[in-house]
Amino acid sequence: MYCPFCRNPDSRVVDSRMADDGSAIRRRRQCPECGRRFTTVETTSLTVIKRSGVGEPFSRSKVINGVRKACQGRPVTEDDLAMLAQEVEETIRASGAAEIDAHEVGLAILSPLQKLDEVAYLRFASVYQAFESLEDFETAIAILRHEAEVEAKAAKGKSSEKSPL
Ligand SMILES: [Zn+2]
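Being a predicted model, the structure only gives us computed values, none of them experimental.

**Some words on the overall build of the protein chain**
Step number 1: If you tally the helices and strands in the protein chain, you get five helices and six strands.
Step number 2: Overall, the protein chain shows an N-to-C arrangement of helices and strands of β-β-β-β-β-α-α-β-α-α-α.
Step number 3: Since a compact globule built from 165 residues should have a radius of gyration of about 15 Å, the 21 Å found for the protein chain marks it as more spread out than a globular shape.
Step number 4: Projecting the C-alpha coordinates of the protein chain onto the three principal axes gives extents of approximately 65 × 55 × 30 Å.
Step number 5: Out of the 165 residues in the protein chain, the part that is buried amounts to 27%.
Step number 6: When contacts within the protein chain are restricted to residue pairs at least 6 apart in sequence, those whose partners lie at least 24 apart make up 42%.

Structure, rendered in structure tokens:
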């Protein structure tokens, strides 16, 4: 591990700790050459297999770049995108697979994007699922409406449970 500051090829671990969910180990390192400190994160490798068959490491920034276009002009912040990418990575890692198809990454994006912004979701889904006609949009919108109604009913149910009557 090269020191990111002076490129010295050696560093010393000064502290190691497990992430709260046990999925990663963070190591605090110090460069014996320049004395500066940096952190490395050790996780199980997660390979995304592209349509061409080539594998590449999973990358949150790729997820963000893939979604950013769909979010143009929408009230979605960089923080929202970072959170979404984190959720996508957690979902994929939770599946326990070391290799996944790029297609499955797209699938893992749909649900958190729907919660984040429905317009961005429709844009992303239309490209990702190759919507070809207005009917495809209508179907997707009907599903969104239906889910919103189900959620509204569930919320109502919860609030009436809480009421003393
Ligand atoms: Zn250094």
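**Digging into the packing of helix α1 (residues 60-68) against helix α2 (residues 78-94)**
For any two helices packed against each other, one specifies the crossing angle of their axes together with the interaxial distance.
Step number 1: Relative orientation of the contacting elements α1 and α2 amounts to 125°, with a least axis distance of 9 Å. Relative to α2, the element α1 lies oblique. Crossing of α1 over α2 shows right-handed handedness. Across the interface between the two elements, R60, V63, I64, V67 and R68 of α1 pack against E78, L81, A82, L84, A85, Q86, V88 and E89 of α2.
Step number 2: Considering only residue class, the contact of α1 with α2 consists of eight nonpolar, one polar and four charged.

**Overview of the coordination of the zinc ion**
Step number 1: The zinc ion binds to the protein through C3 (SG), C6 (SG), C31 (SG) and C34 (SG); the donor distances cover 2.3 to 2.4 Å.
Step number 2: For the zinc ion, the four donor atoms in the first shell make angles of 106 to 118° at the metal, so the coordination geometry reads as tetrahedral.
Step number 3: For the zinc ion, all donor residues lie on one chain, and their spacing in sequence is C-x2-C-x24-C-x2-C. Taken together, the residues span a long stretch of sequence, with C6 in the segment before β1 (12-18) and C34 in the loop between β2 (24-30) and β3 (37-43) at a distance of 28 residues.

Each value, and the rule that gives it
- Residues numbered from 1 in each chain as written.
- Predicted model: local features only at pLDDT ≥ 70, side-chain atom pairs only at ≥ 80, totals over all residues.
- Heavy atoms only, no water.
- Helix = DSSP H or I, 4+ residues; strand = E, 2+ residues; numbered from the N terminus.
- Rg over C-alpha atoms; globule rule 2.2 N^0.38 Å.
- Buried < 20%, exposed > 50% of the residue type's maximum accessible area, 1.4 Å probe, protein only.
- Contact = heavy atoms within 4.5 Å.
- Axes fitted to C-alpha atoms, helices over the stretch in contact; angles between N-to-C directions.
- Parallel < 35°, antiparallel > 145°, perpendicular 65-115°, else oblique.
- Left-handed = near helix turned anticlockwise from the far one by under 90°.
- Nonpolar A, V, L, I, M, F, W, Y, C, P; charged D, E, K, R; others polar.
- Donors = N, O, S within 2.8 Å, 3.2 Å for Na, K, Ca; no water.
- Tetrahedral: all angles 85-135°; square planar, octahedral: opposite > 155°, others 65-115°.

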